[in-house]
Amino acid sequence: MAFRRFVERFKTYYLRATSRHVSLSHIFILAICLSLVTFVILSYRLMSLSHPTRKANPPQPVIKCRLDGLNKPLFTPKDHHTRASVKLGKRVLVFVESHYTKHAKQIMAVLEAARFEYKIENTGKSLPALTHFDKGRWSVIVFENLEAYINMDNWNRGMIDKYCQEYKVGMIIFVHSAEEYGIDREKVPGFPLILRYNMALRDYRLNAFTELWRITRPGETIPGPLEDDNWTVFEYNHSSYEPISYARAAPNQFLDPGYTIDNSTLVAALLDRGGLDRIWRVYFGNGLSFWLHRLVFLDSLSFLSHGKLSLSLDRYIQVDVDDIFVGAVGTRMTPADVEAMVKTQEKLQRQVEGFHFNLGFSGYFFKRGTALENEGDDKILEYKNKFWWFGHMWRHEQAHKFTLERLEQSMLRNYQFAKEHGIPIHHQYAVAPHHSGVYPVHEELYASWKNVWDIRVSSTEEYPKLHPAWRRRGFIHRGVMVLPRQTCGLFTHTLYIDSYPGGRETLDNSIQGGDLFLTFLYNPINIYMTHLGNFGNDRLALYTFESVIKFVQCWTNLKLKQIPPLEMGIKYFEMFPEEKDPLWQNPCSYKRHIEIWSTNKTCERLPKFLVIGPQKTGTTALYTFLAMHPTIISNYDSSETFEEVQFFNGHNYYKGIDWYMKFFPVPENVTSEFLFEKSATYFDNELVPMRAHGLLPKAKLICILVNPAKRAYSWYQHMRAHQDPTALNYTFYEILTASETAPRKLKDIRNRCLNPGVYVQHLSHWLEYYPSRQLFIVDGERLKSNPSSVMHNIQRFLHIEPYVDYQKLLRYDPKKGFYCQVLSNDRNKCLGRSKGRKYPAMEQKSQDFLKQYYHKNNIALSKLLERYKYRIPDWLQKDLSGQD
Ligand SMILES: Nc1ncnc2c1ncn2[C@@H]1O[C@H](COP(=O)(O)OS(=O)(=O)O)[C@@H](OP(=O)(O)O)[C@H]1O
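Treat the numbers as computed from the prediction; the structure is a model and nothing was measured.

### Points about the overall build of the protein chain
In terms of regular secondary structure, the protein chain is built from 27 helices and 30 strands. Across its three principal axes, the protein chain shows a C-alpha extent of roughly 100 × 95 × 55 Å. Across the 884 residues that make up the protein chain, the buried fraction comes to 54%. In the protein chain, of all internal contacts separated by at least 6 residues, the share reaching a separation of at least 24 is 76%.

And the structure:
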């Protein structure tokens, strides 16, 4: 109708226009009409371009596996444990030429992805300690490059070899082709081994009969040429050597034209069974770019470490469909797509024990597609009991944009939708639409999850960061176990294989040994994210998971299974208990995090500098003096710990950064105003440097050092003043000299009294995280005797304006015996009675004990300070020269 009316109007205007009685307004209306028609035609063209017509036959998996149907390993996967592992630490020592070479990075990436602890050492430098008491610290030694091992300084090489022999520790050595043109064959000095360089290889297969195989399932051949043409192959004539893999030569750019290719079997990975010098070695004739070598590398680590570095064979899998019912019209699922999904699920259930697609729904979008897509929605509900479900927000809203009340309303609405349609929702699992609110944490999301759905498990790609994917980890916050979540390469816009970014080959490569395959390999728990559109259209999710699961089962002995999310969460943190504690990072250090962090929150509400302690060194005086500066703003007082927030050291850390930020005002002028806090217990707490650096990597730090003996005594007096029963019951000397057999409370108080004063240890720890230019050290004795000079230096360190002359603000108060704030000509404001206490002088025997106790540490401290070009405090100079 509307169209007909439009044509009639157009006719009239056209006739008028051609009858020459045309007004300007008529021409104007005609122009608008023409533009409208053009716009409609163009939009239609564009829409049809962005939604290619559905194909009758979506792509089918193409993985070919010779061992297809044989759902068990050819050989029982080896458990490499032996008695030798008892004496070994669970760590890898890696020798590299530089941290930045491609090969070094690949080795580190695999070790990190597999969560193996490692240490990187540059060859040519001194060796790290190899043993700790009677234990070997390293369970495998890796050389990025054979040359580095062969040319190692004789003494170091001797030490390493001896270590490997004594502790039965194996080596993994990568052999790279010689770069100089012309060298194509070389003998390895000292070994009956010849290297042939710059080979191109084809038809790669593994030797099924070595003892190496645990994860790797030998039996298949990779047909055709491999990617690189700079492989090294091994030739040998000794029974100690055993091939790990076989290949044939392929044509190579380095060969002269006309050269006939040798058709013999070549060996590109080799096991030395220790028959020559009692050292077991695995040689790789290339780096780790070749996907299969990553499997072989993992199995070599397991084998050579006597099972110390073995990954479990169990892989728990969950495929989330993140947005059921949410999808643009024309891209949603039809009934046929739902049928296909159910069929694939049934197929996968035969390969993956307990497999179910896990559907996250937003009820608002139910039946908002074409007629056929709406039937698809009905079909999903018809099969609702075949799937697992989890609830989203009603309208798929981004959590970080909403208040608690709005989030609860939205979730409740979706909850009711589930009830109305009988959707089973008992898994206590949720993910947040658009990744929002899980990390960086939006506390309101966690609270509403708890209140509405009683959520206990979630997953995110964003912790600690999206990239690199192999560094993603989990954490627990407010009782919700947040697990790392993996990407399978399918996004809301990847609907058709032909338009897959990079083409079909990219997806297939990811499945066949690339990123997706490796994600299965490294992670014992895999939660994948997919979208509604990946199950409609070309059904790329079905294609991808059918293919990758087949590929994984073809090449590995991994056992794939699925368990309910809650069980999976518990399992995850049983495997990785060290991940339970979150490490809060600065949301503003990472663009993606800023985008999913509430616009009401700002990193400007975080301190620019911290006074870190230690306790009883004058931190309150410094805090008070700093707060007198017009552009320095201290935190608000805490109800529990007065002026100290104590966020990074204790249970407060688990309250999250929203809690921390509430202690600071939003600065009126971000550039000129400096927020800060002081918590004297930060200095000697082991976790604080890492945590502080995580959240405040650019912050400046101020610490105060006084003679550690005086500090210990002041602390003891402080404990007595606070009526600590142990401090009241024992003399200072008794506490200092408490032996290991003393009552626990006495030992505790002894440690708390003495440990903070081992300054060198704590400072080194801080300097592992922060560069020394960010740390300022105050001489605590100067702070007492000449505070205005200290404040002068601190202002310079902070680069703060305006400059304040503290000589005018502070005055010595003879009654207090300390400098105090000037209030008027005759009135000062001093710190309270608990600061600058009066107590008897320390007994000589305690002084002697402490002098002796701290002597070595103080020497080390002065060396550390010199190394970092800090001024040596007066008290330390005196102490070391014996004057104190
Ligand atoms: N201006 C001024 N006024 C008062 N006290 C001063 C001042 N400057 C430094 N000091 C010394 O500070 C010691 C208390 O240290 P802290 O404030 O770091 O103690 S606490 O850790 O916060 O409890 C306190 O220790 P005690 O003398 O043992 O009480 C003082 O020696």
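### Some points on the pattern of salt bridges
Scanning the model with the defined rule gives 39 salt bridges in all. Here aspartate 161 ties to arginine 157 by a salt bridge, and the two come within 3.4 Å at their closest N and O atoms. Taken as a pair, aspartate 161 and arginine 157 lie in helix α5 (residues 154-167) at a separation of four residues, close to a single helical turn. There is no split in this pair, since aspartate 161 and arginine 157 are both buried. For glutamate 546, the salt bridge identified is with lysine 347, shortest N-O distance 2.9 Å. With a gap of 199 residues between them, glutamate 546 in helix α13 (residues 540-555) and lysine 347 in helix α7 (residues 335-351) connect regions that are remote in the sequence. Each of Arg115, Arg473 and Glu579 takes part in one network of salt bridges that share partners.

### A few points about the sheet that holds strand β17 (residues 457-460)
What the three strands build is an open sheet, ordered β17-β19-β18; its pairing is mixed. Sheet topology places β17 and β18 (475-477) at the edges, where each strand pairs with a single neighbour. The mean inter-strand angle of the sheet, taken between neighbouring strand axes irrespective of direction, is 30°. When β17 meets strand β19 (residues 480-484), the two strands line up parallel, connected through four bridges. Bridge assignment links threonine 460 to a residue of β19, and that residue is proline 484. Contacting β17, β18 and β19, helix α14 (residues 565-575) crosses the sheet at an angle of about 75° to β19.

### Overview of the packing of aromatic side chains
Counted by the stated rule, this structure contains 66 aromatic pairs. With centroids separated by 5.7 Å and ring planes inclined at 65°, the aromatic side chains of tyrosine 439 and phenylalanine 475 adopt a geometry described as edge-to-face. Within this pair, whereas tyrosine 439 is found in the loop between α9 (404-420) and α10 (443-453), its partner phenylalanine 475 is found in strand β18, the two being separated by 36 residues in sequence. In this structure tyrosine 439 comes out as buried when scored by relative accessible area, which is 2%. Accessibility expressed as a relative area gives 0% for phenylalanine 475, which makes it buried. Ring centres of phenylalanine 609 and phenylalanine 676 lie 4.8 Å apart, and the angle between their planes is 5°; this geometry places the pair in the stacked category.

### Brief notes about the site of the ligand
Lining the immediate surroundings of the ligand are 20 residues, of which Thr619, Thr620, Ser714, Gly836 and Tyr839 lie closest. Side-chain polar atom of threonine 619 to an oxygen atom of the ligand: 2.6 Å apart, as the coordinates give it. Here serine 714 contributes a side-chain N or O atom positioned 2.7 Å from an oxygen atom of the ligand. Elements represented by at least two residues in the shell around the ligand include exactly α16 (619-627), α19 (708-721) and β29 (818-824). Ranked by residue count, the leading element in the shell around the ligand is α16, at four residues. Here the shell around the ligand is composed, by residue class, of six nonpolar, nine polar and five charged.

### Some words on the environment of threonine 519
Residue placement: threonine 519 occurs in helix α12 (residues 515-522). Counting along the chain gives 37 residues from threonine 519 to threonine 556, while the straight-line C-alpha distance between them is 13 Å. Not counting the four nearest positions on each side in its chain, threonine 519 is found in contact with Gln486, Asn526 and Tyr528.

### Thoughts on the UniProt feature "binding site: 3'-phosphoadenylyl sulfate" (unreviewed entry) in the protein chain
Summarizing the sequence annotation, UniProt attributes the feature "binding site: 3'-phosphoadenylyl sulfate" (unreviewed entry) to Ser714, Tyr819, Lys835, Gly836, Arg837, Lys838 and Tyr839 in the numbering used throughout. Positionally, serine 714 belongs in helix α19. With sequence-adjacent residues up to four places away left out, serine 714 is seen in contact with Lys616 and Tyr839. In this fold, tyrosine 819 is placed in strand β29. Since its relative accessible area comes to 28%, tyrosine 819 is described here as partly exposed. Sequence-distant contacts of tyrosine 819, defined by excluding residues within four places in its chain, comprise Phe625, Lys784, Ser785, Pro787, Leu810, Arg811 and Tyr812.

### Quick notes on the sheet that holds β29
What the three strands build is an open sheet, ordered β28-β29-β30; its pairing is antiparallel. Lying at the two open borders of the sheet, with one neighbouring strand each, are β28 (810-813) and β30 (827-829). The sheet shows a mean angle of 60° between the axes of neighbouring strands, taken without regard to direction. Bridge count between β28 and β29: four bridges; the pairing is antiparallel. The residue of β29 that forms the bridge with arginine 811 is cysteine 820.

### Here's the deal with the state of the cysteines
A complete count under the given rule lists three disulfides for this structure. Sulfur-sulfur distance for the disulfide between cysteine 65 and cysteine 554 comes to 2.1 Å. What sets the handedness of the cysteine 65 and cysteine 554 disulfide is the S-S torsion sign, and at about 100° it is right-handed. With cysteine 65 in the loop between α2 (24-50) and β1 (91-96) and cysteine 554 in helix α13, this pair connects stretches of sequence that are 489 residues apart. Side by side, cysteine 65 and cysteine 554 carry an identical accessibility label, which is buried. Covalently, cysteine 820 is tied to cysteine 830 through a disulfide, its sulfur atoms 2.0 Å apart. Every disulfide takes its handedness from the sign of the S-S torsion; for cysteine 820 and cysteine 830 that torsion is 105°, giving right-handed. Of this pair, cysteine 820 sits in strand β29 while cysteine 830 sits in the loop between β30 and α26 (844-867), and the two are ten residues apart along the sequence. Residue class for cysteine 830 comes out partly exposed when judged on its relative accessible area of 27%. The cystine pairing of the protein chain, numbering bonded cysteines in sequence order, is 1-2, 3-4, 5-6.

Quick notes on the rules
- Residues numbered from 1 in each chain as written.
- Predicted model: local features only at pLDDT ≥ 70, side-chain atom pairs only at ≥ 80, totals over all residues.
- Heavy atoms only, no water.
- Helix = DSSP H or I, 4+ residues; strand = E, 2+ residues; numbered from the N terminus.
- Buried < 20%, exposed > 50% of the residue type's maximum accessible area, 1.4 Å probe, protein only.
- Contact = heavy atoms within 4.5 Å.
- Salt bridge = Lys/Arg side-chain N within 4 Å of Asp/Glu carboxyl O.
- Pairing = 2+ DSSP bridges.
- Axes fitted to C-alpha atoms, helices over the stretch in contact; angles between N-to-C directions.
- Phe/Tyr/Trp six-rings, centres within 6.5 Å; stacked < 30°, edge-to-face > 60°.
- Near = heavy atom within 4 Å.
- Polar contact = N/O pair within 3.5 Å; in protein donor to acceptor, adjacent residues only side chain to side chain.
- Nonpolar A, V, L, I, M, F, W, Y, C, P; charged D, E, K, R; others polar.
- UniProt positions renumbered as here; feature names shortened; annotations may be inferred.
- Disulfide = S-S within 2.5 Å.

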